[in-house]
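Structural overview for review
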Amino acid sequence: MTNDKPKIIAGLVIFVILVTCPMWINMGKNKPAPKLEMAAEAQAKGYCVLPKADMKEKHMQILDGWRNSVVRSGQRVYVNDQGKRFDMSLSNTCLECHTNKAEFCDKCHVYASVNPYCWDCHVNPKEK
Amino acid sequence: MEENRRKFLKVAGASAVGLSVAPVMKAHAIGEYFMPASQTGKHENALIGKHWAMVIDISKLTEDINEKITEACHSAHNVPELENKKHEIKWIWEEHFEHAFTDQRNSYIPDSAKHSPVLVLCNHCVNPPCVKACPTKATFKRDDGIVLMDFHRCIGCRFCMAACPYGSRSFNLEDPRNGLEDRKPKNPQFPTRMKGVVEKCNFCAERLAVGQMPLCAEVSEGAIVFGDLEDPESEVRSILAKSFTIRRKPALGTEPSVYYIVGGGDHA
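Residue numbers here run from 1 along each chain, matching the order of that chain's written sequence. Here the convention is simple: chains get letters from A, ligands get numbers from 1, in the order in which they are written. Only residues with pLDDT of at least 70 get local features here, since the model is predicted, and only at 80 or more are side-chain atom pairs given and counted; chain-wide, interface and lining totals rely on the full set of residues.

What to know about the overall build of chain B
Numbering of helices and strands runs from the N terminus, with a helix taken as a DSSP run of H or I at least four residues long and a strand as a DSSP run of E at least two residues long. Helix and strand counts for chain B come out as nine helices and 11 strands. Here the radius of gyration uses the C-alpha set of atoms, whereas the globule reference equals 2.2 Å times the residue count to the power 0.38. Taking 18 Å as the expected radius of gyration for a compact globule of 268 residues, we find that chain B reaches 24 Å, considerably beyond that expectation. Expressed as lengths along the three principal axes of its C-alpha atoms, the size of chain B is roughly 90 × 45 × 40 Å. Each of the 268 residues in chain B was classed as buried or not, and the buried ones make up 34%. Counting other C-beta atoms within 10 Å of a residue's own tells you its class, since 20 or more makes it buried, 12 or fewer makes it exposed, and anything in between is partly exposed; those C-beta atoms are placed from the backbone.

Here you go:
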(Lines give C-alpha, C1' and ligand atoms only; values in the text may rest on other atoms or scores of the structure.)
Protein backbone atom coordinates (compact mmCIF):
# COMPACT_ATOMS: atom_id res chain seq x y z
CA MET A 1 0.00 0.00 0.00
CA THR A 2 1.53 3.30 -1.01
CA ASN A 3 1.08 6.38 1.09
CA ASP A 4 -0.84 8.87 -1.09
CA LYS A 5 -2.01 11.01 1.79
CA PRO A 6 -0.11 14.18 0.78
CA LYS A 7 -1.28 13.90 -2.82
CA ILE A 8 -4.89 13.42 -1.78
CA ILE A 9 -4.82 16.35 0.61
CA ALA A 10 -3.15 18.61 -1.97
CA GLY A 11 -5.77 17.56 -4.52
CA LEU A 12 -8.56 18.28 -2.09
CA VAL A 13 -7.16 21.72 -1.27
CA ILE A 14 -6.94 22.58 -4.99
CA PHE A 15 -10.46 21.28 -5.52
CA VAL A 16 -11.89 23.36 -2.66
CA ILE A 17 -10.09 26.48 -3.89
CA LEU A 18 -11.36 25.97 -7.43
CA VAL A 19 -14.92 25.36 -6.34
CA THR A 20 -14.99 28.38 -4.06
CA CYS A 21 -13.02 30.69 -6.34
CA PRO A 22 -16.11 32.65 -7.52
CA MET A 23 -16.58 33.62 -3.88
CA TRP A 24 -12.92 34.73 -3.48
CA ILE A 25 -12.86 36.63 -6.74
CA ASN A 26 -16.04 38.51 -5.99
CA MET A 27 -15.25 39.15 -2.34
CA GLY A 28 -15.65 42.77 -1.34
CA LYS A 29 -17.02 43.62 -4.75
CA ASN A 30 -20.70 43.16 -4.05
CA LYS A 31 -22.75 46.10 -5.13
CA PRO A 32 -25.44 47.47 -2.85
CA ALA A 33 -28.95 46.34 -3.79
CA PRO A 34 -30.51 48.85 -6.15
CA LYS A 35 -33.00 51.33 -4.76
CA LEU A 36 -36.32 51.21 -6.53
CA GLU A 37 -37.52 54.41 -8.07
CA MET A 38 -41.26 54.89 -8.02
CA ALA A 39 -42.71 56.64 -11.02
CA ALA A 40 -44.72 59.77 -10.36
CA GLU A 41 -47.86 58.01 -11.58
CA ALA A 42 -47.37 55.21 -9.06
CA GLN A 43 -46.75 57.64 -6.22
CA ALA A 44 -49.80 59.64 -7.15
CA LYS A 45 -51.95 56.51 -7.12
CA GLY A 46 -50.87 55.66 -3.59
CA TYR A 47 -51.83 51.98 -3.68
CA CYS A 48 -50.99 48.82 -5.58
CA VAL A 49 -52.92 45.60 -6.09
CA LEU A 50 -51.36 44.25 -2.87
CA PRO A 51 -49.36 45.84 -0.02
CA LYS A 52 -45.79 46.77 -0.88
CA ALA A 53 -44.18 43.90 1.04
CA ASP A 54 -46.36 41.34 -0.73
CA MET A 55 -45.61 42.83 -4.12
CA LYS A 56 -41.89 42.77 -3.39
CA GLU A 57 -42.00 39.13 -2.39
CA LYS A 58 -44.71 37.67 -4.58
CA HIS A 59 -45.06 39.75 -7.76
CA MET A 60 -43.77 36.89 -9.87
CA GLN A 61 -46.34 34.43 -8.53
CA ILE A 62 -49.06 37.04 -8.97
CA LEU A 63 -48.07 37.71 -12.57
CA ASP A 64 -47.96 33.96 -13.22
CA GLY A 65 -51.42 33.56 -11.68
CA TRP A 66 -52.72 36.54 -13.62
CA ARG A 67 -51.60 35.23 -16.97
CA ASN A 68 -53.00 31.77 -16.33
CA SER A 69 -56.33 33.11 -15.09
CA VAL A 70 -56.63 35.52 -18.02
CA VAL A 71 -55.51 33.25 -20.84
CA ARG A 72 -56.76 29.89 -19.68
CA SER A 73 -59.82 30.75 -17.57
CA GLY A 74 -60.90 33.93 -19.32
CA GLN A 75 -61.03 35.74 -15.99
CA ARG A 76 -59.63 39.19 -16.61
CA VAL A 77 -60.45 41.09 -13.43
CA TYR A 78 -58.56 40.78 -10.15
CA VAL A 79 -60.36 41.76 -6.96
CA ASN A 80 -58.08 42.50 -4.00
CA ASP A 81 -58.90 42.28 -0.29
CA GLN A 82 -60.15 45.87 -0.31
CA GLY A 83 -62.59 44.99 -3.07
CA LYS A 84 -60.74 47.09 -5.65
CA ARG A 85 -60.94 45.74 -9.19
CA PHE A 86 -57.98 45.60 -11.54
CA ASP A 87 -57.57 44.47 -15.12
CA MET A 88 -55.08 41.60 -14.91
CA SER A 89 -52.63 42.99 -17.42
CA LEU A 90 -48.90 43.55 -17.19
CA SER A 91 -48.81 46.21 -19.91
CA ASN A 92 -52.13 47.87 -19.20
CA THR A 93 -52.31 47.79 -15.40
CA CYS A 94 -48.82 47.38 -13.88
CA LEU A 95 -47.03 49.59 -16.36
CA GLU A 96 -49.86 52.09 -16.37
CA CYS A 97 -48.56 53.31 -12.99
CA HIS A 98 -45.03 51.91 -13.01
CA THR A 99 -44.21 53.72 -16.21
CA ASN A 100 -40.47 53.51 -15.59
CA LYS A 101 -39.81 49.91 -16.51
CA ALA A 102 -36.06 50.51 -16.81
CA GLU A 103 -35.72 51.76 -13.23
CA PHE A 104 -38.54 49.78 -11.67
CA CYS A 105 -38.29 46.33 -13.24
CA ASP A 106 -35.00 46.00 -15.08
CA LYS A 107 -32.74 47.45 -12.40
CA CYS A 108 -33.47 44.69 -9.88
CA HIS A 109 -33.71 41.95 -12.47
CA VAL A 110 -30.29 42.84 -13.83
CA TYR A 111 -28.84 43.02 -10.32
CA ALA A 112 -30.30 39.64 -9.39
CA SER A 113 -29.44 38.20 -12.81
CA VAL A 114 -33.06 37.27 -13.44
CA ASN A 115 -34.16 37.23 -17.04
CA PRO A 116 -37.92 37.00 -17.23
CA TYR A 117 -39.12 36.59 -20.83
CA CYS A 118 -42.12 38.89 -20.33
CA TRP A 119 -40.63 41.57 -22.55
CA ASP A 120 -40.11 39.34 -25.56
CA CYS A 121 -43.78 39.91 -26.26
CA HIS A 122 -45.23 42.39 -23.78
CA VAL A 123 -44.39 46.02 -24.20
CA ASN A 124 -44.21 49.09 -22.05
CA PRO A 125 -46.94 51.20 -23.62
CA LYS A 126 -45.45 54.37 -22.16
CA GLU A 127 -42.04 53.76 -23.67
CA LYS A 128 -41.20 56.36 -26.26
CA MET B 1 -44.64 -15.12 10.06
CA GLU B 2 -41.32 -13.41 10.68
CA GLU B 3 -40.88 -12.88 6.97
CA ASN B 4 -44.29 -11.24 6.67
CA ARG B 5 -43.65 -8.84 9.51
CA ARG B 6 -40.37 -7.84 7.93
CA LYS B 7 -42.12 -7.14 4.64
CA PHE B 8 -44.84 -5.16 6.37
CA LEU B 9 -42.33 -2.96 8.17
CA LYS B 10 -40.46 -2.33 4.92
CA VAL B 11 -43.59 -1.21 3.14
CA ALA B 12 -44.72 0.88 6.10
CA GLY B 13 -41.33 2.58 6.24
CA ALA B 14 -41.32 3.32 2.53
CA SER B 15 -44.85 4.71 2.76
CA ALA B 16 -43.90 6.98 5.63
CA VAL B 17 -41.00 8.36 3.62
CA GLY B 18 -43.31 8.78 0.64
CA LEU B 19 -45.87 10.69 2.67
CA SER B 20 -43.29 13.06 4.07
CA VAL B 21 -41.85 13.70 0.60
CA ALA B 22 -45.23 14.46 -1.02
CA PRO B 23 -45.66 18.02 0.33
CA VAL B 24 -42.10 18.89 -0.68
CA MET B 25 -42.66 17.52 -4.18
CA LYS B 26 -45.93 19.38 -4.42
CA ALA B 27 -44.34 22.68 -3.47
CA HIS B 28 -41.71 22.28 -6.18
CA ALA B 29 -43.94 20.71 -8.80
CA ILE B 30 -44.14 22.51 -12.11
CA GLY B 31 -47.79 23.29 -12.03
CA GLU B 32 -50.08 26.05 -12.98
CA TYR B 33 -50.82 28.72 -10.51
CA PHE B 34 -54.20 30.34 -10.95
CA MET B 35 -55.58 33.22 -8.93
CA PRO B 36 -58.15 31.91 -6.43
CA ALA B 37 -61.62 32.05 -7.97
CA SER B 38 -62.80 34.35 -5.17
CA GLN B 39 -60.28 36.98 -6.32
CA THR B 40 -61.11 36.94 -10.01
CA GLY B 41 -63.98 37.98 -12.22
CA LYS B 42 -64.97 39.30 -15.60
CA HIS B 43 -65.65 42.83 -16.76
CA GLU B 44 -69.29 43.81 -16.22
CA ASN B 45 -69.90 44.31 -19.93
CA ALA B 46 -68.05 41.17 -21.09
CA LEU B 47 -69.82 39.30 -23.87
CA ILE B 48 -70.46 35.75 -22.76
CA GLY B 49 -71.48 33.05 -25.18
CA LYS B 50 -71.87 29.30 -25.27
CA HIS B 51 -70.58 28.79 -28.79
CA TRP B 52 -69.19 31.79 -30.64
CA ALA B 53 -69.61 31.57 -34.39
CA MET B 54 -69.28 33.72 -37.45
CA VAL B 55 -71.22 34.04 -40.70
CA ILE B 56 -69.40 35.58 -43.65
CA ASP B 57 -71.45 36.72 -46.64
CA ILE B 58 -69.06 36.29 -49.55
CA SER B 59 -71.25 38.33 -51.89
CA LYS B 60 -70.72 41.38 -49.71
CA LEU B 61 -66.95 41.08 -49.70
CA THR B 62 -64.86 43.14 -52.08
CA GLU B 63 -61.11 43.39 -52.35
CA ASP B 64 -61.27 46.80 -50.68
CA ILE B 65 -63.32 45.57 -47.73
CA ASN B 66 -61.07 42.54 -47.35
CA GLU B 67 -58.01 44.75 -47.28
CA LYS B 68 -59.61 47.02 -44.71
CA ILE B 69 -60.57 44.06 -42.51
CA THR B 70 -57.14 42.43 -42.73
CA GLU B 71 -55.41 45.74 -42.03
CA ALA B 72 -57.65 46.43 -39.01
CA CYS B 73 -57.12 42.95 -37.57
CA HIS B 74 -53.41 42.83 -38.21
CA SER B 75 -52.71 46.24 -36.71
CA ALA B 76 -54.86 45.59 -33.65
CA HIS B 77 -53.03 42.34 -32.98
CA ASN B 78 -49.56 43.54 -34.00
CA VAL B 79 -49.30 40.98 -36.79
CA PRO B 80 -46.01 41.77 -38.52
CA GLU B 81 -45.54 42.53 -42.19
CA LEU B 82 -42.36 40.69 -43.01
CA GLU B 83 -40.44 41.15 -46.24
CA ASN B 84 -39.67 37.46 -46.67
CA LYS B 85 -42.89 35.91 -48.02
CA LYS B 86 -41.92 32.56 -46.54
CA HIS B 87 -42.06 34.12 -43.08
CA GLU B 88 -45.52 35.58 -43.60
CA ILE B 89 -47.84 35.74 -40.58
CA LYS B 90 -51.59 35.77 -41.22
CA TRP B 91 -54.64 35.93 -38.98
CA ILE B 92 -57.27 36.74 -41.61
CA TRP B 93 -56.62 36.89 -45.33
CA GLU B 94 -58.09 36.70 -48.81
CA GLU B 95 -58.26 33.39 -50.64
CA HIS B 96 -59.57 32.25 -54.03
CA PHE B 97 -62.91 30.49 -53.90
CA GLU B 98 -61.52 27.18 -55.19
CA HIS B 99 -58.73 27.24 -52.63
CA ALA B 100 -61.01 28.08 -49.74
CA PHE B 101 -63.68 25.54 -50.70
CA THR B 102 -61.78 22.58 -52.09
CA ASP B 103 -64.81 20.32 -51.62
CA GLN B 104 -66.91 22.32 -54.08
CA ARG B 105 -66.33 20.32 -57.26
CA ASN B 106 -69.10 21.74 -59.45
CA SER B 107 -67.67 22.73 -62.82
CA TYR B 108 -70.25 25.39 -63.51
CA ILE B 109 -70.92 27.87 -60.77
CA PRO B 110 -71.83 31.56 -61.02
CA ASP B 111 -68.91 33.80 -61.85
CA SER B 112 -69.86 35.96 -58.89
CA ALA B 113 -69.01 33.07 -56.59
CA LYS B 114 -66.09 31.71 -58.58
CA HIS B 115 -64.24 34.99 -58.59
CA SER B 116 -65.34 36.36 -55.27
CA PRO B 117 -62.49 37.12 -52.90
CA VAL B 118 -63.15 34.91 -49.89
CA LEU B 119 -61.88 35.87 -46.45
CA VAL B 120 -60.51 32.98 -44.42
CA LEU B 121 -59.37 32.75 -40.82
CA CYS B 122 -59.16 30.19 -38.04
CA ASN B 123 -62.42 28.26 -38.07
CA HIS B 124 -62.52 27.73 -34.30
CA CYS B 125 -63.59 24.15 -34.94
CA VAL B 126 -65.83 22.19 -32.63
CA ASN B 127 -63.40 19.28 -33.08
CA PRO B 128 -60.13 21.13 -33.46
CA PRO B 129 -57.32 18.85 -34.69
CA CYS B 130 -54.74 21.42 -33.59
CA VAL B 131 -55.81 21.03 -29.95
CA LYS B 132 -55.35 17.27 -30.17
CA ALA B 133 -51.93 17.66 -31.78
CA CYS B 134 -50.52 20.17 -29.30
CA PRO B 135 -48.19 18.37 -26.88
CA THR B 136 -48.15 21.19 -24.30
CA LYS B 137 -51.82 22.21 -24.33
CA ALA B 138 -50.72 25.63 -25.57
CA THR B 139 -53.68 25.46 -27.94
CA PHE B 140 -56.90 24.70 -26.16
CA LYS B 141 -60.63 25.06 -26.65
CA ARG B 142 -62.51 27.33 -24.31
CA ASP B 143 -65.99 26.58 -23.04
CA ASP B 144 -67.37 29.26 -25.35
CA GLY B 145 -65.96 27.48 -28.40
CA ILE B 146 -62.97 29.73 -29.04
CA VAL B 147 -59.82 27.82 -29.92
CA LEU B 148 -57.22 29.89 -28.17
CA MET B 149 -53.45 29.87 -27.95
CA ASP B 150 -51.47 30.36 -24.79
CA PHE B 151 -48.29 31.78 -26.29
CA HIS B 152 -46.50 31.35 -22.97
CA ARG B 153 -46.71 27.61 -23.45
CA CYS B 154 -46.02 27.22 -27.16
CA ILE B 155 -42.74 25.42 -27.77
CA GLY B 156 -42.85 25.93 -31.52
CA CYS B 157 -43.11 22.27 -32.51
CA ARG B 158 -45.61 23.13 -35.26
CA PHE B 159 -47.62 19.91 -34.85
CA CYS B 160 -50.71 22.15 -34.83
CA MET B 161 -49.76 23.57 -38.21
CA ALA B 162 -49.50 20.09 -39.64
CA ALA B 163 -52.81 19.16 -38.05
CA CYS B 164 -54.82 22.20 -39.18
CA PRO B 165 -56.48 21.43 -42.52
CA TYR B 166 -57.12 25.12 -43.22
CA GLY B 167 -53.61 26.57 -43.01
CA SER B 168 -54.89 28.95 -40.38
CA ARG B 169 -51.67 28.99 -38.42
CA SER B 170 -48.42 30.84 -38.98
CA PHE B 171 -45.03 30.24 -37.45
CA ASN B 172 -42.68 33.00 -36.36
CA LEU B 173 -39.51 32.02 -38.19
CA GLU B 174 -37.96 35.35 -37.24
CA ASP B 175 -38.52 37.94 -34.55
CA PRO B 176 -41.97 39.30 -35.45
CA ARG B 177 -40.93 42.74 -34.25
CA ASN B 178 -38.80 42.91 -37.41
CA GLY B 179 -42.06 43.35 -39.28
CA LEU B 180 -43.40 46.17 -37.12
CA GLU B 181 -42.75 49.81 -37.79
CA ASP B 182 -39.73 50.88 -35.67
CA ARG B 183 -40.06 47.45 -34.02
CA LYS B 184 -42.90 49.00 -31.99
CA PRO B 185 -46.36 47.44 -31.81
CA LYS B 186 -49.10 49.44 -33.51
CA ASN B 187 -51.41 48.58 -30.65
CA PRO B 188 -49.38 48.87 -27.43
CA GLN B 189 -52.32 47.44 -25.46
CA PHE B 190 -51.78 44.07 -27.14
CA PRO B 191 -48.57 42.05 -26.92
CA THR B 192 -46.46 41.00 -29.86
CA ARG B 193 -45.20 37.44 -30.22
CA MET B 194 -41.66 36.14 -30.16
CA LYS B 195 -39.57 34.08 -32.53
CA GLY B 196 -40.40 30.38 -32.35
CA VAL B 197 -44.10 30.44 -31.54
CA VAL B 198 -47.12 29.70 -33.69
CA GLU B 199 -49.95 32.20 -33.90
CA LYS B 200 -53.44 32.53 -35.34
CA CYS B 201 -56.75 34.35 -35.04
CA ASN B 202 -58.15 34.45 -31.49
CA PHE B 203 -61.74 35.44 -32.41
CA CYS B 204 -60.88 38.72 -30.64
CA ALA B 205 -61.11 37.12 -27.20
CA GLU B 206 -59.59 40.29 -25.74
CA ARG B 207 -62.38 42.42 -27.25
CA LEU B 208 -65.22 40.08 -26.26
CA ALA B 209 -63.91 40.32 -22.69
CA VAL B 210 -64.60 44.05 -22.65
CA GLY B 211 -67.93 43.94 -24.47
CA GLN B 212 -66.78 44.56 -28.02
CA MET B 213 -67.51 42.53 -31.14
CA PRO B 214 -64.59 41.06 -33.08
CA LEU B 215 -62.88 43.75 -35.09
CA CYS B 216 -63.39 42.05 -38.47
CA ALA B 217 -67.15 41.95 -37.90
CA GLU B 218 -67.14 45.56 -36.76
CA VAL B 219 -65.36 46.96 -39.83
CA SER B 220 -66.87 44.55 -42.39
CA GLU B 221 -69.79 46.81 -43.39
CA GLY B 222 -72.23 44.01 -42.64
CA ALA B 223 -70.41 41.23 -44.48
CA ILE B 224 -69.41 39.45 -41.26
CA VAL B 225 -71.81 38.69 -38.44
CA PHE B 226 -70.66 37.27 -35.13
CA GLY B 227 -72.76 35.75 -32.37
CA ASP B 228 -73.69 32.86 -30.14
CA LEU B 229 -74.69 29.77 -32.09
CA GLU B 230 -76.45 28.28 -29.08
CA ASP B 231 -78.64 31.30 -28.58
CA PRO B 232 -81.73 30.79 -30.82
CA GLU B 233 -82.40 34.53 -30.72
CA SER B 234 -78.95 35.48 -31.99
CA GLU B 235 -78.35 37.14 -35.33
CA VAL B 236 -76.12 34.32 -36.55
CA ARG B 237 -78.88 31.81 -35.91
CA SER B 238 -81.46 33.85 -37.76
CA ILE B 239 -79.12 34.20 -40.74
CA LEU B 240 -78.34 30.47 -40.73
CA ALA B 241 -82.08 29.75 -40.67
CA LYS B 242 -82.71 32.03 -43.67
CA SER B 243 -79.69 31.55 -45.90
CA PHE B 244 -78.02 28.41 -47.13
CA THR B 245 -74.50 28.34 -45.81
CA ILE B 246 -71.42 26.22 -46.38
CA ARG B 247 -68.34 25.54 -44.31
CA ARG B 248 -64.79 24.73 -45.33
CA LYS B 249 -63.91 21.04 -45.80
CA PRO B 250 -66.95 19.69 -43.92
CA ALA B 251 -66.05 16.07 -44.77
CA LEU B 252 -63.16 16.21 -42.31
CA GLY B 253 -65.56 16.44 -39.39
CA THR B 254 -63.81 19.35 -37.74
CA GLU B 255 -67.10 21.27 -37.57
CA PRO B 256 -65.94 24.82 -38.27
CA SER B 257 -67.66 27.66 -36.44
CA VAL B 258 -67.21 29.95 -39.44
CA TYR B 259 -70.05 29.74 -41.95
CA TYR B 260 -70.14 31.20 -45.46
CA ILE B 261 -73.06 32.47 -47.50
CA VAL B 262 -72.28 32.04 -51.17
CA GLY B 263 -74.25 33.85 -53.86
CA GLY B 264 -76.00 36.41 -51.76
CA GLY B 265 -78.24 38.72 -53.76
CA ASP B 266 -81.79 37.45 -54.01
CA HIS B 267 -81.04 34.27 -52.18
CA ALA B 268 -79.25 35.82 -49.26
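Details of the sheet that holds strand 1 (residues 77-79) of chain A
Strands pair, by our definition, only if DSSP identifies at least two bridges between them. Taken in spatial order, the three strands make up an open sheet running 2(A)-1(A)-1(B), and their pairing is antiparallel. With one partner strand each, in any of the chains shown, strand 2 (85-87) of chain A together with strand 1 (40-41) of chain B form the two edges of the open sheet.

Describing unusual backbone geometry
Residues and elements named next belong to chain B. You will see that N78, though not glycine, has its phi angle at about 55°, which is positive. With respect to the helices and strands, the residue N78 is situated in the loop between helix 2 (63-76) and strand 3 (92-95). The phi dihedral of F203 is positive, around 55°, even though this residue is not glycine. Along the chain, F203 turns up in the loop between strand 8 (198-199) and helix 7 (205-208).

Concerning the interface of chain A and chain B
Two residues form a contact once the distance between their C-beta atoms, set from the backbone, is within 7 Å. With 23 residues of chain A at the contact, the number on the chain B side is 21 residues. If you tally residues by element for the side of chain A that touches chain B, the top one is helix 3 (residues 52-73) of chain A, at 10 residues. For this classification, Asp, Glu, Lys and Arg are treated as charged, while Ala, Val, Leu, Ile, Met, Phe, Trp, Tyr, Cys and Pro are nonpolar and the rest, including Gly, are polar. Residue composition of the side of chain A that touches chain B, grouped by class: eight nonpolar, 10 polar and five charged.

Points about the domain arrangement of chain B
Domain start and stop points were drawn from an automatic or database domain assignment. What the domain assignment lists for chain B is domain 1 (2-39) and domain 2 (52-267). Using only C-alpha atoms to locate each centre, domain 1 of chain B and domain 2 of chain B end up separated by 46 Å.

Focus: the sheet that holds strand 10 (residues 245-246) of chain B
Within a sheet, neighbouring strands are paired by backbone hydrogen bonds and run either parallel or antiparallel to one another. All names here are of chain B. What the four strands build is an open sheet, ordered 9-2-11-10; its pairing is mixed. Of all the strands in the sheet, the pair left with one neighbour each is strand 9 (224-228) and strand 10. For strand 2 (residues 52-57) and strand 11 (residues 258-261), the ladder comprises four bridges, and the chain directions are parallel. Of the residues in strand 11, the one forming a bridge with D57 is I261. Running over the sheet, helix 9 (residues 235-242) touches strand 2, strand 9, strand 10 and strand 11 and is turned about 115° from strand 9. Comment: axis = line fitted to C-alpha atoms, over the contacting stretch for helices; angle = value between 0 and 180 degrees taken between N-to-C directions.

Focus: the nonpolar core
Grouped together as the largest cluster of nonpolar side chains are 54 residues, with contacts concentrated most on B:M54, B:I56, B:I92, B:L119, B:L121 and B:I224. At the level of secondary structure, the elements contributing two or more residues to this core comprise strand 2, helix 2, strand 4 (118-121), strand 6 (147-149), helix 8 (215-219), strand 9 and strand 11 of chain B. Per-element tally for this core: the top contributor is strand 2 of chain B, with five residues. Among residues more than four places away in sequence, those in contact with B:I224 are B:M54, B:I56, B:C216 and B:A217. In this description, a nonpolar core means buried residues of the types Ala, Val, Leu, Ile, Met, Phe, Trp, Tyr and Cys, linked to one another by C-beta atoms lying within 7 Å. Core analysis: the next-biggest nonpolar cluster, separate from the first, contains seven residues, A:V70, A:V71, A:Y78 and A:M88 among them.

Brief notes about the pairing of strand 4 of chain B
Residue and element names in this part refer to chain B. Neither face of strand 4 is exposed, since V118 and V120 on one face and L119 and L121 on the opposite face are all buried. Both strand 3 and strand 4 contribute to a ladder of four bridges, which runs antiparallel. Directly across from E95, in strand 4, lies its bridge partner V118.

Focus: the confidence of the model for chain B
Predictor confidence is given residue by residue as pLDDT, running from a minimum of 0 to a maximum of 100. Averaged over every residue, the pLDDT of chain B is 92; residues scoring 70 or more account for 95%. Our summary of model confidence lists the complex with pTM equal to 0.84 and ipTM equal to 0.83.

Some points on helix 3 of chain A
Along its 22 residues, helix 3 of chain A runs just 27 Å from first to last C-alpha, ending more than 12% under the 32 Å computed at 1.5 Å per residue. Two axes define the bend at a residue: one fitted to the seven residues ending there, one fitted to the seven starting there, and the bend is the angle between them. Of all the bends in helix 3 of chain A, the greatest measures close to 75° and is centred on A:K58. All buried positions along helix 3 of chain A are accounted for by A:G65, A:W66, A:R67, A:N68, A:S69, A:V70 and A:V71. For helix 3 of chain A, the elements touching its buried residues are strand 1 of chain A together with strand 1 of chain B. At the C-terminal side of helix 3 of chain A, A:G74 shows a positive phi close to 70°. Working rule for helices: expected span equals 1.5 Å times residues minus one.

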